[in-house]
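So the chains spell out like this:
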Amino acid sequence: MTQVTTADFHTHTTLSDGSLTAWELLLQAKRLQKTHIAVTDHDALQPASTFAEGDYLGVKVIPAIEFSARDTKRNRRLHILCYAYKKPEILLPLCLATCRSRSVVSLKMLTRLKEHFPLSDEFVLKYSTGSAAVYKWNIVSALYELGMLGETKGKQYTDVFGYDGICGDLIKEEMAGYPSAETVIDVIHEAGGLAVLAHPFQYNSTEFLEETAAAGDLDGVEVDHPSATDEQKTELIDTAKRHGLFKTGGSDFHGIYNHYPTGLLGKRHPYQDGFDRIVSN
Ligand SMILES: [Zn+2]
Ligand SMILES: [Zn+2]
């Protein structure tokens, strides 16, 4: 199964919950001899400068967004990647609505966490500078830098942000503010983009994948992701084949906020069919 090793189609920057700016990310991609990068910040449109910086460095930036969504049938969160969109103005209202509701919930988290930790608004919000919203990870960054979380993912993190943690009810409230998966897929198609289900094994979205793919609503599936074992990748490749989906892949790079120790920039790749379809869209 051929993969395009000079491409990484899943990365994050300081526009959402990554720790590198787009420029820093693209410089690193160039050093790693990547030719194509999709910057897939959560619910946020890349500014024109990201594409210009990529052109300057000789790294083609693919227009992309990772949308937060709800599987309304199973009441689970999902991530849906949008690639190679043509009309960003169609995507913007959805991005703004999700960012607005996310910021409202993040500020509630901050208010609550001030009862448990010596935090100030000023200290936490400096991590949101340049971000499309106040992301939970901006709060995590502040707690981490102050030495109040031993590591960015671990027991202390779960005690605060897990479903049973201090902010558990607010994590659920954040999800309730996400648009339905159907809405997200419709808007992506209206904008001329391609809809790809991200990391189906991370949020247990395989039933959703099967149903949505059978209905012909999805264009592709993310196969090569740090959350998937080799066995799970084989299963996803089979699902893609049965439903005529193209296959993508990416590192889900978040810099120091990587969710997986193996989420190294440029180490996960799209398959040839997904690469060709996205690049030629
Ligand atoms: Zn994701
Ligand atoms: Zn991601």
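Residues numbered from 1 in each chain as written. Chains lettered and ligands numbered in written order. Predicted model: local features only at pLDDT ≥ 70, side-chain atom pairs only at ≥ 80, totals over all residues.

Novice: A description of the overall build of the chain should follow, citing residues and the corresponding values.
Specialist: In terms of regular secondary structure, the chain is built from 11 helices and eight strands. Along the first, second and third principal axes, the C-alpha set of the chain runs to 50 × 45 × 35 Å. When burial is assessed residue by residue, the chain has 48% of its 281 residues classed as buried. (Helix = DSSP H or I, 4+ residues; strand = E, 2+ residues; numbered from the N terminus. Buried ≥ 20, exposed ≤ 12 C-beta atoms within 10 Å, placed from the backbone.)

Novice: Which residues make up the sheet that holds strand S8 (residues 246-249), and what are the values?
Specialist: Adjacent strands of a sheet form backbone hydrogen bonds with each other and so pair up, either parallel or antiparallel. Ordered in space as S4-S5-S6-S7-S8, the five strands form an open sheet in which the pairing is mixed. Here the strands that pair on one side only, and so sit at the sheet edges, are strand S4 (64-71) and S8. Neighbour to neighbour, the strand axes of the sheet diverge by 40 degrees on average, direction disregarded. (Pairing = 2+ DSSP bridges. Axes fitted to C-alpha atoms, helices over the stretch in contact; angles between N-to-C directions.)

Novice: Which residues make up the domain arrangement of the chain, and what values go with them?
Specialist: When the domains of the chain are assigned, the result is domain 1 (7-87 + 192-279) and domain 2 (96-176). Spacing between the C-alpha centres of domain 1 and domain 2 amounts to 24 Å. Between domain 1 and domain 2, the residue contacts involve 11 residues of the former and 10 residues of the latter. Residues belonging to the side of domain 1 that touches domain 2 are distributed by class as follows: three nonpolar, four polar and four charged. (Domains from an automatic or database assignment. Contact = placed C-beta atoms within 7 Å. Nonpolar A, V, L, I, M, F, W, Y, C, P; charged D, E, K, R; others polar.)

Novice: With reference to specific residues and values, describe the sheet that holds strand S1 (residues 7-11).
Specialist: Strand order in this open sheet of three strands is S1-S2-S3, and the pairing throughout is parallel. Unpaired on one side and paired on the other, S1 and strand S3 (60-62) mark the two borders of the sheet. Adjacent strand axes in the sheet meet at a mean angle of 25 degrees, parallel and antiparallel pairs treated alike. Summarising the sheet, S1 and strand S2 (residues 36-39) pair through three bridges and their orientation is parallel. Bridging across to S2, Asp-8 finds its partner in Ile-37.

Novice: Can you lay out the nonpolar core for me, pointing to particular residues and giving the numbers?
Specialist: Ranked by internal contacts, the top residues of the largest apolar core, which has 76 residues, are Ile-80, Cys-82, Tyr-83, Val-184 and Val-221. No other element matches the eight residues that helix H3 (residues 88-113) contributes to this core. Mapped onto the domain boundaries, this core takes at least three residues apiece from domain 1 (7-87 + 192-279) and domain 2 (96-176). Excluding residues within four positions of it along the chain, Cys-82 makes contact with Ala-64, Ile-65, Phe-67, Leu-91, Ile-188, Gly-193 and Ala-195. (Core = buried A, V, L, I, M, F, W, Y, C linked by C-beta atoms within 7 Å.)

Novice: Explain the pairing of strand S5 (residues 76-83) to me, and be specific about the residues and the numbers.
Specialist: Most of S5 is tucked away: six of the eight residues are buried. Linking S4 to S5, which pair antiparallel, is a turn of four residues; within it Asn-75 sits at a positive phi near 50 degrees. Pairing of S5 with strand S6 (residues 194-197), which is carried by four bridges, proceeds in the antiparallel orientation. Across the sheet, Cys-82 pairs through a bridge with Ala-195, a residue of S6.

Novice: I'd like a rundown of helix H5 (residues 136-145), residues and numbers included.
Specialist: Of all 10 residues in H5, eight are buried; the element is thus mostly enclosed. What H5 keeps buried is the set Lys-136, Trp-137, Asn-138, Ile-139, Val-140, Ser-141, Ala-142 and Leu-143. Buried residues along H5 sit against H3, helix H4 (121-125) and helix H6 (155-161). With its phi angle positive at about 75 degrees, Gly-147 sits one or two positions after the end of H5.

Novice: Would you mind going over the environment of Ile-256 in detail, with residue names and values included?
Specialist: Along the polypeptide, Ile-256 turns up in the loop between S8 and helix H11 (272-279). Accessibility expressed as a C-beta count within 10 Å gives 10 for Ile-256, which makes it exposed. Between the alpha carbons of Ile-256 and Asp-17 there is a distance of 10.0 Å; along the sequence they are 239 residues apart.

Novice: Which residues make up the packing of H3 against helix H8 (residues 181-190), and what values go with them?
Specialist: Relative orientation and spacing of two packed helices are given, respectively, by the angle between their axes and the distance between those axes. Relative orientation of the contacting elements H3 and H8 amounts to 155 degrees, with a least axis distance of 8 Å. Classified by the angle their axes make, H3 and H8 are roughly antiparallel. Between H3 and H8 lies a crossing whose hand is left-handed. Contacts between H3 and H8 pair Ile-90, Leu-91 and Leu-94 from the former with Val-184, Val-187 and Glu-190 from the latter. In terms of residue class, the contact of H3 with H8 is built from five nonpolar, no polar and one charged. (Parallel < 35°, antiparallel > 145°, perpendicular 65-115°, else oblique. Left-handed = near helix turned anticlockwise from the far one by under 90°.)

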